[in-house]
Amino acid sequence: MAEKLTREEFEKKYVARLKDRKIDWDVLSFQEKIDPKYRRAQIRYIGGGGTGQHNDQNVIKSDHFTLSTMLLPPGSEGPLHLHHDVEEVFFVIKGKITAIVENEGERFEIPLETRDCIWSPPGIYRGVRNDGDEDALMLVMLGAQKPQLPTYPEGSALEELRIERQKAKEAAGQK
C-alpha cells in the first residue's frame, strides 16, 4: 500500500547513499578471531543481511529481502556457510573472487570477475574468497527481511563458536 510522501520524506525513507553508509569491519569480527583470513566488511543498504544486524537504523527497511555490499581485502574469505531459510546472491562489483559451493559432498570452486553473479539456493553451503591482489567489492542479497543466522560445516571452529554464541544468547534471555 503506497503512502503519500513528499520528495524529502520519500528520499529519507527509501534512499541510502554511500556517503551515509558505515563500513562495518566489526560485524563479522568474531569469525576473524578464528582465522584472520575471515576479515571483511559489510556495508548495509537494505535490511541487516545475513549478519543479523537488524537493529541498524541507517538502512532502508524491506519486507522481502536484504541488500548489502561486502568488501573483501586480498586473501580474505567469506567462510563456507549455509542458510537454511533463504537464497543468496553474490554479484561482483569490482575485482575477482572465487565462489565456493559445496553440495552433497561435492565441492566446486568457481572463478568470478567484475559483473559476474552467482545464486545459491537455501540448503547449499557457499563461501567466497578473494584470490586477487586488490580489494574485491560484492553486492550480497538475501531473500528474506530477517534471514536466520547461517550455520557452518559441522565440527568446524566457526560452527562451534556459533553454537557457543547461541547458548550465551539463550542464557541471557535473547532470541
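As shown above, the structure is provided for reference.
Cut-offs used in this document
- Residues numbered from 1 in each chain as written.
- Predicted model: local features only at pLDDT ≥ 70, side-chain atom pairs only at ≥ 80, totals over all residues.
- Heavy atoms only, no water.
- Helix = DSSP H or I, 4+ residues; strand = E, 2+ residues; numbered from the N terminus.
- Rg over C-alpha atoms; globule rule 2.2 N^0.38 Å.
- Buried < 20%, exposed > 50% of the residue type's maximum accessible area, 1.4 Å probe, protein only.
- Contact = heavy atoms within 4.5 Å.
- Areas by Shrake-Rupley, 256 points an atom, 1.4 Å probe, with all protein chains shown as cover.
- Lys, Arg positive; Asp, Glu negative; His and termini not counted.
- Charge placed at Lys NZ, Arg CZ, Asp CG, Glu CD.
- 1 Å grid on protein atoms, 1.4 Å probe; cavity = no way out; pocket = protein on both sides within 12 Å on 5 of 7 lines; lining within 4 Å.
- Points joined across faces, edges and corners; volume = space filled by probe spheres on them.
- Nonpolar A, V, L, I, M, F, W, Y, C, P; charged D, E, K, R; others polar.
- Core = buried A, V, L, I, M, F, W, Y, C linked by side-chain atoms within 4.5 Å.
- Pairing = 2+ DSSP bridges.
- Axes fitted to C-alpha atoms, helices over the stretch in contact; angles between N-to-C directions.
- Polar contact = N/O pair within 3.5 Å; in protein donor to acceptor, adjacent residues only side chain to side chain.
- Phe/Tyr/Trp six-rings, centres within 6.5 Å; stacked < 30°, edge-to-face > 60°.
- Lys NZ or Arg CZ within 6 Å of the ring centre and 35° of its normal.

## With respect to the overall build of the protein
Right, so step 1: Scanning the protein for helices and strands turns up 3 helices and 9 strands.
Right, so step 2: Secondary structure elements of the protein occur, N-terminal to C-terminal, as α-α-β-β-β-β-β-β-β-β-β-α.
Right, so step 3: Over its C-alpha trace the protein gives a radius of gyration of 17 Å, about what one expects of a compact globule, namely 16 Å for 175 residues.
Right, so step 4: Here the protein, with 175 residues, has 42% of them falling under the buried criterion.
Right, so step 5: Put simply, 69% of the contacts in the protein that link residues at least 6 apart link residues at least 24 apart.
Right, so step 6: Accessible area of the protein: about 10600 Å², with a carbon and sulfur share of 51%.
Right, so step 7: Looking at the protein, you have 26 positive and 30 negative side-chain charges, and the mean spots of the two groups are 7 Å apart.

## Some words on the layout of surface pockets
Any space left empty among the atoms is revealed by the rolling of a water-sized probe across them.
Right, so step 1: There is about 770 Å³ of room inside the largest pocket.
Right, so step 2: In this structure, the largest pocket is lined by 37 residues; those nearest its centre are G50, T51, G52, L149 and P150.
Right, so step 3: Of all elements in the fold, only α2 (29-34), β2 (66-72), β3 (77-81), β4 (88-94), β8 (125-129), β9 (136-142) and α3 (157-171) reach the threshold of two or more residues within the lining of the largest pocket.
Right, so step 4: Broken down by element, the lining of the largest pocket gets its largest block of residues, 4 residues, from α3.
Right, so step 5: By residue class, the composition of the lining of the largest pocket is 13 nonpolar, 18 polar and 6 charged.

## Considering the nonpolar core
Right, so step 1: Counting residues in each nonpolar core, the largest one holds 21 residues, and the members touching the most others are I97 and M138.
Right, so step 2: Looking at this core, the elements with two or more residues in it are β2, β4, β5 (97-103), β9 and α3.
Right, so step 3: Dropping the residues within four chain positions of it, M138 is found in contact with S68, T69, M70, L72, F90, F91, V92, I93, I97 and V128.
Right, so step 4: Residues A41, I43, Y45 and L67 belong to the second largest nonpolar core, which totals 8 residues.

## Some thoughts on the sheet that holds β3
Right, so step 1: Judged by pairing direction, the sheet is antiparallel, and its 4 strands sit side by side in the order β3-β8-β5-β6 without closing on themselves. This sheet does not close on itself; its edge strands, each paired only once, are β3 and β6 (106-112). If you compare each strand with its neighbour and ignore which way they point, the axes differ by 15° on average.
Right, so step 2: Two elements, β5 and β6, share 7 bridges in a ladder whose sense is antiparallel. Bridge pairing in β6 places I100 opposite E109.

## A closer look at the pairing of strand β1 (residues 41-46)
Right, so step 1: Of all 6 residues making up β1, 6 are buried, and the element is well covered by its neighbours.
Right, so step 2: Pairing of β1 with β2 involves 5 bridges; the strand directions are antiparallel. When the sheet's bridge partners are listed, R44 is paired in β2 with S68.

## Thoughts on the side chain of T151
Right, so step 1: In this structure, T151 sits in the loop between β9 and α3.
Right, so step 2: Here T151 falls in the buried class, since its relative accessible area comes to 12%.
Right, so step 3: There is a polar contact of 3.3 Å between the side chain of T151 and the side chain of H84.
Right, so step 4: Non-local contacts of T151, meaning those with residues more than four positions away in its chain, are made with H81, L82, H84, Y125, E159 and R162.

## Side note on the packing of aromatic side chains
Aromatic ring pairs are defined here through the distance separating the ring centres and the angle between the ring planes.
Right, so step 1: Summed over the entire model, instances satisfying the criterion amount to 1 aromatic pair.
Right, so step 2: Aromatic pair F10 and Y14: ring centres 4.8 Å apart, planes at 50°, arrangement tilted. Of this pair, F10 and Y14 both sit in helix α1 (residues 7-14), 4 residues apart, roughly one helical turn.
Right, so step 3: Note that R39 overlies the ring of W25, its terminal NZ or CZ placed 4.0 Å from the centroid.
Right, so step 4: Residue placement shows R165 over the ring face of F30; its charged tip is 3.9 Å from the ring centre.

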